[in-house]
Amino acid sequence: MSGDIRVGIIGAGGIAQHAHIPGYKDAPGVKIVAVADPKEGRAQKVADHFDIPNAYTSAEDLLAAGGIDAVSICSPNAFHASQSIAALKAGLHVLCEKPMAISVPDAEAMIATAKETGKQLMIGMTNRFRPDTQTLRDYAQAGMLGDIYYFKAGWLRRSGIPGYGSWFTTKSQSGGGCLLDIGVHYLDLALWIAGFPKPVSVTGTTFAEFGPRGLALGNWGEDIYREGKQTFDVDDLATAFIRFEGGQVLTLEVSWAAHVGEGGENYIRFLGTKGGAEMSSRNGAEYPVRYFSDSFGSSYDSTVYVSPGRNTHWTEIKHFVSCIRGEAELAIKHEEALTVIKILSAIYESAKTGKSVQLS
Ligand SMILES: NC(=O)c1ccc[n+]([C@@H]2O[C@H](COP(=O)([O-])OP(=O)(O)OC[C@H]3O[C@@H](n4cnc5c(N)ncnc54)[C@H](O)[C@@H]3O)[C@@H](O)[C@H]2O)c1
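Computed from a predicted model, the values in this text were never measured in an experiment. Every chain is numbered on its own, with residues counted from 1 as its sequence reads. The model is predicted, so local features are restricted to residues of pLDDT at least 70 and side-chain atom pairs to those at 80 or more, both for listing and for counting; the totals for chains, interfaces and linings are taken over all residues. With hydrogens and water stripped out, all remaining heavy atoms of the structure feed into the side-chain values.

*Asks:* Summarise the domain arrangement of the protein; cite the residues concerned and give the values.
*Replies:* Domain segmentation is taken from an automatic or database assignment of domains. In terms of domains, the protein is made up of domain 1 (5–124) and domain 2 (129–309). Of note, the centres of domain 1 and domain 2, computed from C-alpha atoms alone, are 27 Å apart. Contact definition: two residues touch when any of their heavy atoms are within 4.5 Å. Opposite the seven residues of domain 1 that make contact, domain 2 presents ten residues. Contact with domain 2 buries surface across domain 1, with Pro76, Asn77 and Lys98 losing the most and accounting together for 52% of the total. Salt bridges are defined as contacts in which a side-chain nitrogen from Lys or Arg sits within 4 Å of a carboxyl oxygen from Asp or Glu. The interface formed by domain 1 and domain 2 holds one salt bridge in total. The definition of a polar contact used here is a pair of N or O atoms within 3.5 Å, where within protein one atom must be able to donate a hydrogen and the other to accept one, and adjacent residues in sequence count solely through side-chain atom pairs. Counting every contact that joins domain 1 to domain 2 gives three residue pairs in polar contact (both at pLDDT 80 or more). Of the residues belonging to the side of domain 1 that touches domain 2, the class tally is five nonpolar, one polar and one charged. Using a 1.4 Å probe, buried area is obtained as the accessible area two parts lose upon being combined, added over both of them. Residue polarity is assigned by list, with Asp, Glu, Lys and Arg as charged and Ala, Val, Leu, Ile, Met, Phe, Trp, Tyr, Cys and Pro as nonpolar; anything else, Gly included, falls into the polar class.

Dropping the structure here:
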């Protein structure tokens, strides 16, 4: 593709303003030409602020106006599939925020449409663009861990329920709570670093112990709660046990709200036949990437200080632009994104039925 890539932004909220718009502005040969958001005045305000020539109050109007090569879908989760499909059918490349979709059939339909139209469909798994997660992936790819048989990932927020009473905590618009919102990141990371083993069964549980009581709200939406709009019909903690074809096991835990240390924690750990590796942050402190193994009969441990990286969204967006230009292959494969949605759906199903879910 020669000339500037003309981009439209669908959904002009937090992630659009803080990540996608600045990310495209930082990418050479890209122009943001339109933005759409149904909230009164928001698209125009964002357009004025970021010097974007066209503002619309719906995704449909933005797509119908034409003159665009690619879009970022930054709307609430429930719209990801329909808006991605509409954009692909309009001949546009799509960068869709996570989670890809709120159901497996929706995710499959997105992939089928990308295949039919031949346009790029990338899912914004931002954390794959972090130098520290890439280091862990390099270790695994280089065989330093041997065969991974047990891995574990978690992201526990103490007090971080986003947008209380907004789409985030309303299942019909979000598809789910913390599991879909932040669990998706660490599930994807764990699977990607482990080389996407094939999942065979999933056991999951979900809880909502804080949200329904209006506790542990993040920096978002507290006024909404005070006004009495208290919709919270999603999970604020989820946990899962996932078995894979080769016998590997992954455990996952994630919360928007839980009685853990201030600052919460996130971690990812791999145990393999040759070595183990992990990275974590706890109570606001970052711990480096660590590797544990044996050398000539004694312990061999290494600690590597890799920056978690800044502006990983910008890196992600530059990668998307390279894919549009045919200079790179999608880092997030469609089958991988689909596997993540299948597991997340199975966790919710298992939580509902109290039984394990078999994945064929
Ligand atoms: N990759 C990440 O790290 C990351 C971080 C934050 C959010 N996200 C994802 O980005 C998406 C948006 O999250 P956010 O934090 O910006 O939320 P937000 O509430 O700040 O913004 C969402 C925007 O979408 C608009 N909107 C509502 N319905 C719409 C529709 N039908 N069409 C177009 N726009 C519509 C809202 O008016 C709002 O302006 C979510 O899917 C979220 O999971 C990803």
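*Asks:* Tell me about the nonpolar core, residues and numbers included.
*Replies:* What we call a nonpolar core is a set of buried Ala, Val, Leu, Ile, Met, Phe, Trp, Tyr and Cys residues that are connected through their side-chain atoms within 4.5 Å. With a 1.4 Å probe rolled over the protein chains alone, any residue whose accessible area is under 20% of its type maximum counts as buried; one over 50% counts as exposed, and the rest are partly exposed. Formed by 110 residues in total, the largest nonpolar core has its most connected members in Tyr24, Val71, Met100 and Ile268. The helix count covers DSSP runs of H or I at least four residues long, the strand count covers runs of E at least two residues long, and both are numbered beginning at the N terminus. The element that contributes the greatest number of residues to this core is helix H8 (residues 178–193), accounting for twelve residues.

*Asks:* Please provide a residue-by-residue account of the sheet that holds strand E14 (residues 298–304), values included.
*Replies:* Whether two strands pair depends on DSSP finding at least two bridges between them. Ordered in space as E14-E13-E12-E11-E7-E10-E9-E8-E15, the nine strands form an open sheet in which the pairing is mixed. Each end of this open sheet is capped by a strand with a single partner; those strands are E14 and strand E15 (357–358). Sheet topology note: the strand E9 (residues 237–244)/strand E10 (residues 249–255) ladder contains seven bridges and is antiparallel. Among the inter-strand pairings, phenylalanine 241 is bridged to a residue of E10, identified as threonine 251. Simply put, an axis is a line fit to the C-alpha atoms, just over the touching stretch for a helix, and the angle between two N-to-C directions goes from 0 to 180 degrees. Seen against the sheet, H8 touches strand E7 (148–156), E9, E10, strand E11 (265–272) and strand E12 (275–282) and runs at an angle of roughly 150 degrees to E10.

*Asks:* How would you sum up the side chain of threonine 169? Please name residues and give values.
*Replies:* One can find threonine 169 in the loop between E7 and helix H7 (171–174). Look at threonine 169 and you get buried, because its relative accessible area is 0%. One polar contact links the side chain of threonine 169 to the main-chain amide nitrogen of glycine 165, over a distance of 2.8 Å. Within the structure, threonine 169 has its side chain in polar contact with the backbone oxygen of threonine 231 (distance 2.8 Å).

*Asks:* Any details on the pairing of strand E2 (residues 30–36)? Residues and values, ideally.
*Replies:* Of all seven residues making up E2, six are buried, and the element is well covered by its neighbours. One ladder, built from six bridges, connects strand E1 (residues 5–10) with E2; its direction is parallel. Residue pairing for E2: valine 7 is matched across the bridge by isoleucine 32. The parallel pair E1 and E2 is bridged by helix H1 (residues 14–26), and the resulting crossover is right-handed. Sheet topology note: the E2/strand E3 (residues 54–56) ladder contains three bridges and is parallel. Within E3, the residue paired with alanine 34 across the bridge is asparagine 54. When the strands point away from the viewer and the connection leading from the first strand across the helix to the second strand turns clockwise, the crossover is called right-handed.

*Asks:* Quick one: what's the story with the site of the ligand, residue by residue and with numbers?
*Replies:* Neighbouring residues are identified by heavy atoms, a residue being near a molecule or strand if any of them is within 4 Å of it. With respect to spatial proximity, 26 residues lie near the ligand, and among them Ile15, Asp37, Arg42, Asn77 and Trp167 are the closest. The backbone of isoleucine 15 places a nitrogen or oxygen atom 2.8 Å from an oxygen atom of the ligand. Separating an oxygen atom of the ligand from a side-chain N or O atom of histidine 80 is a distance of 2.9 Å. For every accessible area listed, the method is Shrake-Rupley and the probe measures 1.4 Å; residues are considered covered only by the protein chains on display. For the ligand, whose accessible area on its own is 850 Å², the fraction buried by protein is 82%. Elements with a minimum of two residues in the shell around the ligand: H1 and helix H4 (80–89). Looking at the shell around the ligand residue by residue, the class counts come to ten nonpolar, eleven polar and five charged.

*Asks:* Can you explain empty space enclosed by the protein? Please cite residues and give values.
*Replies:* For cavity detection a 1 Å grid was placed over the protein atoms alone, and a set of points counts as a cavity when a 1.4 Å probe fits there but cannot get out; an open set counts as a pocket when protein lies on both sides within 12 Å along at least five of seven lines, with lining residues being those that have an atom within 4 Å of a point. Grid points are joined across faces, edges and corners, and a volume is the space filled by probe spheres set on the points. Counted according to the given criterion, the structure contains one cavity of 30 Å³ or more. Its boundaries defined by the atoms lining it, the largest cavity holds a volume of some 40 Å³. Lining the largest cavity, in full, are Pro99, Met100, Ile123, Met125, Val184, Ala337, Val340 and Ile341. In terms of residue count, helix H11 (residues 334–353) provides more of the lining of the largest cavity than any other element does, three residues in total. When grouped by side-chain class, the residues that make up the lining of the largest cavity number eight nonpolar, no polar and no charged.

*Asks:* Kindly report on the packing of H4 against helix H5 (residues 104–117), identifying the contributing residues and their values.
*Replies:* Interaxial distance between H4 and H5 falls to 9 Å at its minimum, and their mutual angle equals 10 degrees. Taken together, H4 and H5 sit at an angle that is classed as roughly parallel. Taken together, the residues of H5 that come into contact with H4 (itself represented by His80, Ala81, Ser84, Ile85, Leu88 and Lys89) are Asp106, Ala109, Met110, Thr113, Ala114 and Thr117. The residue inventory of the contact of H4 with H5, partitioned by class, reads six nonpolar, four polar and two charged. Angles below 35 degrees are treated as roughly parallel, those above 145 as roughly antiparallel, those between 65 and 115 as roughly perpendicular, and all remaining angles as oblique.

*Asks:* Outline helix H2 (residues 42–50), supporting the account with residue identities and numerical values.
*Replies:* Along H2, the positions that sit buried rather than exposed are Ala43, Val46, Ala47 and Phe50. Down the axis of H2, the smallest arc covering the buried residues is 100 degrees, so these residues share one side. For H2, exposure combined with an orientation more than 90 degrees from the buried face picks out Lys45, Asp48 and His49. Elements in contact with the buried residues of H2: H1, E2 and E3. The first or second residue beyond H2 is aspartate 51, which carries a positive phi of 60 degrees. What the arc covers is the set of directions going from the helix axis to the C-beta atoms.

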